[in-house]
Structures are given as C-alpha cells and as structure tokens.
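# Results of the structural survey
Letter by letter, the chains look like this.
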Amino acid sequence: MSEVVQNTEGDAAGSAVPEAAAAAAPAAAPRGTTAVSEEVVEKIAGTAAREVPGVAELGGDVARFFNSVLDRIGLDEVGDAGRGVSVDVKGTAATINIVIVLEAGHVVGEVTEAVRAKVIEAVEKYGLQVTQVNVKVDDIELPAAPAAGA
C-alpha cells in the first residue's frame, strides 16, 4: 500500500479554486503525485525504535530465528531494516505496529512510551500523520550467564 501526498508548490492556478472545491478534490497534485511505500515507513519506524534505550531487538521469535540463520550464512543485512515493524498507510495517515525485545532491568511502560514517542517523531518528519503506534513486548533479553569455571 502506498500513501499519496499532494504537492501544490508553484501552483499559481490553485489560488483561484474555492476552498470547498479544493477540499473535495482527489489527492493529486498539478504536477504529479508522490507515493510513500509502507516498506519505507517500516524502515523509518524500525530505525527509530532501535535507538530507544531498553530495546534489545525488534521482531518476534520466528523473525529473530530466521534473522539468526541469515546472519550465519553471511546475509546479516537482509531483512533487518523493517523486521518487527508492520505499517498500514491510508492516505497520509499511518498505523504502526512494532514488536520489541526488552533489555532486562528496564521498565516496560517507560520503554514502550519512549518507542512510541520516538517513532511518531521520526515518521511525522516525513510528512505523514501517525494515528497509532502499537508496541508489543515479545521477549526479554536476560544478561548472559557467566561461563562455567570463571
């Protein structure tokens, strides 16, 4: 699914159109349309979520398993950008779902609110309106156990 943004820069004729008629017009710019794919929004949201302290990883168990397999065969960059993020874009509004792995010792509510705020800020910089950011904590990353005999 793609989002279409109206571009009216440099449209001198647009000022002659009454407000009511302009509001009823489809989202098409006089010089073309701009579409933003959901994959792009997923990458933006995923990058923002990874920056939040307390987020160890993104994605559910299955996604992380497949990612570890890709890592072992040398394809460690494949699938990382949007992993754990799904987006539904309708017009200029986006609903974002994020699955995270929490680092042990962090408060769930604080981390999820920080993820929500960071994702909204990042995506709205690109001209979209974020209607919802749903965050699911799928797992917790515990500290590594000390090696035996250490």
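Above this text is the structure in question.
Below, the structure is looked at part by part.

### A short note on the environment of Ala 122
The topology assignment puts Ala 122 in helix H4 (residues 108-124). With sequence-adjacent residues up to four places away left out, Ala 122 is seen in contact with Ile 44 and Ala 48.

### As for the packing of helix H2 (residues 38-50) against H4
Two quantities define a packed helix pair, namely the angle between the axes and the distance from one axis to the other. Their axes nearest at 8 Å, the elements H2 and H4 cross at an angle of 135 degrees. One way to sum up the angle between H2 and H4 is to call them oblique. In this structure, the crossing between H2 and H4 has a hand that is right-handed. Residue-level contacts link Val 41, Ile 44, Ala 45, Ala 48 and Ala 49 of H2 to Val 115, Lys 118, Val 119, Ala 122 and Val 123 of H4.

### Comments concerning H2
Over its 13 residues, H2 runs 18 Å from end to end, which matches the ideal 18 Å to within 8%, given 1.5 Å per residue. Of all the residues in H2, the buried ones are Glu 38, Val 41, Glu 42, Ile 44, Ala 45, Gly 46, Ala 48 and Ala 49. The inward-facing, buried residues of H2 abut strand E2 (34-37), strand E3 (55-58), strand E4 (85-90), strand E5 (93-103) and H4.

Calculation rules
- Here the residue numbering is sequential within each chain, running from 1 through the sequence in written order.
- In keeping with the model being predicted, local features are shown solely for residues with a pLDDT of at least 70 and side-chain atom pairs are shown and tallied solely at 80 or more, while totals for entire chains, interfaces and linings include all residues.
- Water and hydrogen atoms were dropped before computing side-chain values, which therefore reflect all heavy atoms in the structure.
- Helix numbers and strand numbers start at the N terminus; a helix is a DSSP run of H or I with at least 4 residues, a strand a run of E with at least 2.
- Two residues form a contact once any of their heavy atoms are found within 4.5 Å.
- Here, axes are lines fitted to C-alpha atoms. For helices the fit covers the stretch in contact, and angles between N-to-C directions go from 0 to 180 degrees.
- What sets the label is the angle itself: under 35 degrees gives roughly parallel, over 145 gives roughly antiparallel, 65 to 115 gives roughly perpendicular, and the rest give oblique.
- By definition, turning the near helix anticlockwise from the far helix through less than a right angle yields a left-handed crossing, and turning it clockwise yields a right-handed one.
- In this analysis, the expected span of each helix is defined as 1.5 Å times one less than the number of residues it contains.
- Only protein chains enter the accessibility calculation, which uses a 1.4 Å probe; a residue is then buried when its area is under 20% of its type maximum, exposed when over 50%, and partly exposed in between.

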